Amino acid sequence: MNNYAVFVQNADKSYGARQVLQNFNMQVLKGSIYGLLGASGCGKTTLLSCIAGRKKLDAGSIWVVGGEPGSEESGVPGPRVGYMPQDIALVGEFSVKGAVYYFGKIFNMPEKKINERYEFLKNILDLPPDDRMIKNCSGGQQRRVSFAAAMVHEPELLILDEPTVGLDPVLRDSIWNHLVELAHKHNTAIIITTHYIEEARQADRIGLMRGGRLLAEDSPDRLLIAYNTDSLEEVFLKLSQKQEDGAFGDPNNPPDVQDNGRIQSAYSETSIALSDLGHRSTDMLTKLSEPNKKKKQKRAYTINKHHIKALMWKNYLQYFKNTAGLLFNLMFAILEMLAFLNAIGGDIKSIGIGVVNSEHMMDTCNRYLRQNTAIPHGFVDCDFHQLSCRFLEDMEDPMIKKVYYDNLESAFEGTSHGAVVGVMYFSENFTDAFQKRLEKGNSVDNETLSLSEIQVWLDMSNRQIGQTLKFKLLSLFLDFQKSLINDCNLFEKLADIPIDFNYEYGNDKTTFTVFMIPGVLITIMFFLGTTMTSSIMIQDRLEGVWDRSIVAGVSSVEIVLTHFITQFIIICIQVIEVMIITFLFYKIEYVGNIALITFMVVLQGVCGMVFGFWISIISENHNMANIIATGTFYPIILLCGLVWPLEGQPTVLRFISKCLPFTVAIESLRNVMRKGWGVVNLDVLNGIGISLAWIVGLSIISILLVKRKR
């Protein structure tokens, strides 16, 4: 009984409504080759994944080289098994030699031993040059490297999923000869799937599989004799036709392959009566498992330093040997900050405004003397001349570009054509009316008031430009009034509005850029962490590197931990980059503790990293991940208060906004930067606390999803 390497009993496995394995039984002896044959989609890869411990059965049992896959006494996942999946499952940035060395390091093989095995496998498999990158190898070359990686540690059980696809026939024959030698001379159990059914004649035993069922299991020679043919393809065709006709009562006990009611073992050890097969299978599994009943428990999650070292090396290659990825990681944060700092918050320049001055022609305005526009006499009286010209001169500002028109009609036409964004009109008696307005006070008539006004029409289709121009004109007119009063020897403060503004934090010179900086720093780091993590995790999963490493004995905890360390280092580098650009080169003002500011930005990078991990789990591919990442970006940006204040949102939506990853964090960082608040302040702690809550919550959800997917 101890000669069995794999024992599968009554295995069932479904994906939703589709049943992949149905009451499946299989036995593989040590020192033998088992060929599992069947068309694509029949369940071969799923079965091998269950044997390797990467998937769990819905029902039934599997015993592999010492115990159930995943149990402490089993070497699966672990060094007792060598696994070559159907996909290449190697990092594209690996060199040929590096790919083999990676798995050797996972198995803690001495450097000398890895080198010996590599040289041996290089000759057997005709591997490409040592330094050629995997992504630059042909499909057949990649498969040979993948084959070598599975055999580097000389495992007890070798699981090979389509290892010879796309290989030269001579090389396929050489590989099969080596497998036969491994099985018969080194007592290695080998399970191999192949599309080339006829090449499986060298197997000791083959299983013909279709639709999740085992149609027959015996030696190739006995199957050929039983079906009176010299082609295994013909055997498979006949069995498939019988299955279609419903000829199999029990699909695992085909009645045609028998000798006086008995199936002869392919290993010439024993014979098992057909009627006793199910009973004996149960007895075998019970006896094989009996010695380990007391010890049977799930393998504890431990951190293996050799695994960590190998994984960190793999991550280094993935991140830093990929030139495009490296440039993206290092330069994207810089480009984002430079784009913001140079494009946002600068003074608006050259806004065109049409001017119609009915009081003076443009050429006469150019000849007036400024000192003669306001002439004081008496105690409070002052004579005004050509005030429209003086105001137009005071309007000299980089923001405003004056465009003169002869009449209002042509000025409005300029607005309709987009030449200007507003029209300013001075009446014919503007100066006289303005002086009467000041002198007569309450007794002034409405017509005089109307003539004393500077009339302005604005194009508010662009609200930002319109509002900015409106504010600038009001500010310029206030300065104009102050200069007039000063020339008239009156108190300048009489022209001020009767409200005295003081500033507890900051001042009225604080720019929009300074206001936006906290939100920009946090959002850039959050979504950089998201895209970077989701991309690399999906790449690992789709390439099969994750699964293959776990079959080799690496735990999911170790994989996630090493990714976290690697990406945390990159996040720290990115944060240093944006902090240097923001506060050193562009000298953005801050009054808070720079260490606390840095910590809060790094924390958002970590939060984005965990968010990206969650996205990578629920996404089937890179396209889906990109859609989710970009799809969440826009609503979060709109709701976080960066575009519009939270106070402008409905109460329910405001509550939702404050629960988002960085809404409160942005305000907390702004309080640190602009108010100098410390970590003991409750508003600052709220931002840090919500970020930590998202990190912990998403981590727990992601772990549960990973377990559920198995």
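Structure's up top.
This text gives an overview of the structure that appears in the document. (Residues numbered from 1 in each chain as written. Predicted model: local features only at pLDDT ≥ 70, side-chain atom pairs only at ≥ 80, totals over all residues. Heavy atoms only, no water.)

## Observations concerning a nonpolar patch on the surface
So, point 1. Together, L327, M331, L335, L338, I576, I580, L584, F585 and Y586 give the surface a local cluster of nonpolar side chains, amounting to about 840 Å² of exposed area.
So, point 2. Of all the secondary structure elements, the ones that give two or more residues to the nonpolar patch are α10 (323-343) and α19 (556-585).
So, point 3. One can find I576 in helix α19.
So, point 4. Relative accessible area serves as the criterion here: at 48%, I576 is assigned to the partly exposed category. (Patch = residues over 30% accessible without salt bridge, like charges linked within 9 Å, V, L, I, M, F, W, Y side chains within 5 Å. Areas by Shrake-Rupley, 256 points an atom, 1.4 Å probe, with all protein chains shown as cover. Salt bridge = Lys/Arg side-chain N within 4 Å of Asp/Glu carboxyl O. Helix = DSSP H or I, 4+ residues; strand = E, 2+ residues; numbered from the N terminus. Buried < 20%, exposed > 50% of the residue type's maximum accessible area, 1.4 Å probe, protein only.)

## A look at unusual backbone geometry
So, point 1. The phi dihedral of S350 is positive, around 55 degrees, even though this residue is not glycine.
So, point 2. Structurally, S350 is set in the loop between α10 and β12 (351-357).
So, point 3. Here the phi dihedral of K587 falls at roughly 55 degrees; this positive angle occurs in a residue that is not glycine.
So, point 4. Note that K587 resides in the loop between α19 and α20 (594-618).

## Looking at the pattern of salt bridges
So, point 1. Inspection of the entire model under this criterion finds 13 salt bridges.
So, point 2. The closest approach of N and O atoms between K135 and E93, which form a salt bridge, is 3.5 Å. Of this pair, K135 sits in the loop between α3 (111-125) and α4 (139-151) while E93 is found in the loop between β5 (81-84) and α2 (96-106), placing the two residues 42 residues apart along the sequence.
So, point 3. Owing to a relative accessible area of 43%, K135 belongs among the partly exposed residues under this scheme.
So, point 4. Residue E93 is classed as buried on the basis of its relative accessible area, which comes to 7%.
So, point 5. Across the pair E154 and R117 runs a salt bridge, and its minimum N-O distance is 3.8 Å. Taken together, the residues E154 in the loop between α4 and β6 (157-161) and R117 in helix α3 connect sequence positions 37 residues apart.
So, point 6. Here the salt bridges do not stand alone but share partners, grouping K113, R117 and E154 into one network.

## Focus on the side chain of R117
So, point 1. Take R117: its relative accessible area is 10%, and that puts it in the buried class.
So, point 2. From its side chain, R117 meets the backbone oxygen of M151 in a polar contact 2.6 Å long.
So, point 3. Within the local environment of R117, its side chain forms a polar contact with the backbone oxygen of V152, the two atoms lying 3.1 Å apart.
So, point 4. With residues up to four places along the chain from it excluded, the contact list for R117 reads M109, M151, V152 and E154. (Polar contact = N/O pair within 3.5 Å; in protein donor to acceptor, adjacent residues only side chain to side chain. Contact = heavy atoms within 4.5 Å.)

## Concerning the packing of α2 against helix α9 (residues 305-320)
So, point 1. Contact pair α2 / α9: the axes reach a minimum separation of 8 Å and the direction vectors enclose 155 degrees. The orientation of α2 with respect to α9, classified from their angle, is roughly antiparallel. Of the residues in α9, those touching α2 at G98, Y102, K105 and I106 are H306, H307, A310, L311, W313 and K314. (Axes fitted to C-alpha atoms, helices over the stretch in contact; angles between N-to-C directions. Parallel < 35°, antiparallel > 145°, perpendicular 65-115°, else oblique.)

## Considering the pairing of strand β2 (residues 18-29)
So, point 1. Most of β2 is tucked away: nine of the 12 residues are buried.
So, point 2. The loop that links strand β1 (residues 4-15) with its antiparallel partner β2 comprises two residues; one of these, G16, has a positive phi angle of about 65 degrees. (Pairing = 2+ DSSP bridges.)

## Section: the sheet that holds β6
So, point 1. Strand order across the open sheet formed by six strands is β5-β6-β7-β3-β8-β9, with mixed pairing between neighbours. Two strands lie at the open edges of the sheet, namely β5 and β9 (213-218), each paired on one side alone. Neighbour to neighbour, the strand axes of the sheet diverge by 15 degrees on average, direction disregarded.
So, point 2. With five bridges joining them, β6 and strand β7 (residues 189-194) adopt parallel strand pairing. Across the sheet, residue L157 finds its bridge partner in β7, namely A189.
So, point 3. Strands β3 (33-37), β5, β6, β7 and β8 (205-210) of the sheet are contacted by helix α1 (residues 44-51), whose axis makes an angle of about 155 degrees with β6.
So, point 4. The strands touched by helix α7 (residues 232-244) within the sheet are β8 and β9, with β8 carrying the most contacts at an inclination of about 40 degrees.

## What to know about the packing of aromatic side chains
So, point 1. Summed over the entire model, instances satisfying the criterion amount to 22 aromatic pairs.
So, point 2. Geometrically, the ring pair formed by F391 and F477 is edge-to-face, given 5.8 Å between the ring centres and 65 degrees between the ring planes. On the criterion of sequence distance, the pair formed by F391 in helix α12 (residues 387-394) and F477 in helix α16 (residues 463-487) is long-range, its members being 86 residues apart.
So, point 3. Here F391 falls in the buried class, since its relative accessible area comes to 3%.
So, point 4. Aromatic pair F564 and F568: ring centres 5.9 Å apart, planes at 10 degrees, arrangement stacked. Here the residue F564 and the residue F568 both occupy positions in helix α19, the gap between them amounting to four residues, near one helical turn.
So, point 5. The residue whose ring lies beneath K105 is W313, and the NZ or CZ to ring-centre distance is 4.3 Å.
So, point 6. Note that R548 overlies the ring of F103, its terminal NZ or CZ placed 5.0 Å from the centroid. (Phe/Tyr/Trp six-rings, centres within 6.5 Å; stacked < 30°, edge-to-face > 60°. Lys NZ or Arg CZ within 6 Å of the ring centre and 35° of its normal.)

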